[in-house]
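# Structure at a glance
Listed below, chain by chain, are the residues.
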Amino acid sequence: MFKTDVEAADAFIKKYQLLKSEISKVIIGQEEVLDQILISVFSKGHCLLVGVPGLAKTLMVSSVAEALGLKFNRIQFTPDLMPSDIIGSEILNEKKEFKFMKGPVFSNIILADEINRTPPKTQAALLEAMQERSITVAGSSYKLDDPFFVLATQNPIEQEGTYPLPEAQTDRFMLKTIIDYPTKEDEQLIIRSNLSNIKKKIKPVVSISKILKSRDLINEIYMDPKIENYILDIVFATRYPEKYNLSDLKDFINFGASPRGSINLAKSAKVYAFIKRRGYVVPE
């Protein structure tokens, strides 16, 4: 990096720490989960949050949106949800003209709450939005806001009334983040916080322009060809486990990771190096 880039990187990393500090006013603990959500955000990816009810998944996502100063919409996925409820639809106005009414997907951060509670047809309505950052209605294409991220939640313990996510859709999530129970000490603080009369507010600390600028800085993080080959070995081992002395795992793998998996591993590794104040990626 050039000197100006290093200074810009240092300034952004300070903002990143301030960002996490601001979110921690409301979200206690879950440091690793927050890092993974923010890695998805800064590498232009989407994140699937998996955890039992009551772990503040919705609060976590809304808190991240507030601290980033981004527009936020929550979509509660239900069995009767239709694709038009997500992307919008054309309506006939008083002038007898069709006008497109934007759906909740037109925002910066979308919380797809309990995404596996709605049929595949409606789940698929997010596919174009997640991949192309645009949607198509009645032959017309509409660009979504930039930045745009989908943070979806999934309840792993209830299978009744749920629909497994299609492979094509899970492939579009950069990270699958498992949210576990808080520690005993953190849960004690959570109890105190919820019983307190003082309600803490989160202030936006990073502008949209800085988020977009950070992508250019992250792209400059050095990745050695040996690291690239290491990523490819990991991905190819999921496709051809027998070539990597992992034949005993072959029966557990239906399909290996796609090239999108290789790209996402590289992107997320660069972001992780960036927030750890390194100008290069290491195997760890």
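Quick look at the structure, then. Here the structure is a predicted model, which means the values were calculated and not measured. (Residues numbered from 1 in each chain as written. Predicted model: local features only at pLDDT ≥ 70, side-chain atom pairs only at ≥ 80, totals over all residues. Heavy atoms only, no water.)

## Remarks on helix α10 (residues 225-239)
Which entries qualify depends on this criterion: Helix and strand definitions here come from DSSP, where helices need a minimum of 4 consecutive H or I residues and strands a minimum of 2 consecutive E residues; each element is numbered from the N-terminal end. For a helix, the expected span equals 1.5 Å multiplied by the residue count minus one. We call a residue buried when its accessible area falls under 20% of the maximum for its residue type, exposed when it is over 50%, and partly exposed in between, using a 1.4 Å probe and counting protein chains only. The directions from the helix axis to the C-beta atoms form the arc being described. The criterion used for residue contact is that any of the two residues' heavy atoms lie within 4.5 Å. Any N or O atom pair separated by 3.5 Å or less is treated as a polar contact, with the protein-specific requirement of one donor-capable and one acceptor-capable atom, and with residues adjacent in sequence counted only for side-chain atom pairs.
Taking 1.5 Å per residue as the helical rise, α10 with its 15 residues ought to reach 21 Å, and the 21 Å between its terminal C-alpha atoms agrees with that figure. Of the positions making up α10, those classed as buried are Ile227, Ile231, Val235 and Ala237. Around the axis of α10, the buried residues are gathered within 155° of arc, so they sit on the same side. Looking at the buried side of α10, the elements it contacts are α11 (259-275). Its side-chain oxygen 2.9 Å from the backbone nitrogen of Lys226, Asp224 forms the N-cap of α10.

## Some points on the pattern of salt bridges
This is how the line gets drawn: For this analysis, a salt bridge means a side-chain nitrogen from Lys or Arg found within 4 Å of a carboxyl oxygen belonging to Asp or Glu.
Overall, the coordinates contain nine salt bridges when judged by the stated rule. Measuring nitrogen to oxygen at the nearest pair gives 2.9 Å for the salt bridge that ties Lys20 to Glu31. On the criterion of sequence distance, the pair formed by Lys20 in helix α1 (residues 3-23) and Glu31 in helix α2 (residues 31-42) is long-range, its members being eleven residues apart. Residue classification places Lys20 among the buried residues on the basis of a relative accessible area of 12%. The class for Glu31 is partly exposed, based on a relative accessible area of 46%. Between Arg74 and Asp113 there is a salt bridge, with its nearest N and O atoms 2.9 Å apart. With Arg74 in strand β2 (residues 72-76) and Asp113 in strand β5 (residues 109-113), this residue pair connects regions lying 39 residues apart in the sequence. Look at Arg74 and you get partly exposed, because its relative accessible area is 43%. For Asp113, a relative accessible area of 6% translates into the label buried. Through salt bridges that share partners, Lys20, Glu31 and Asp35 make up one connected network.

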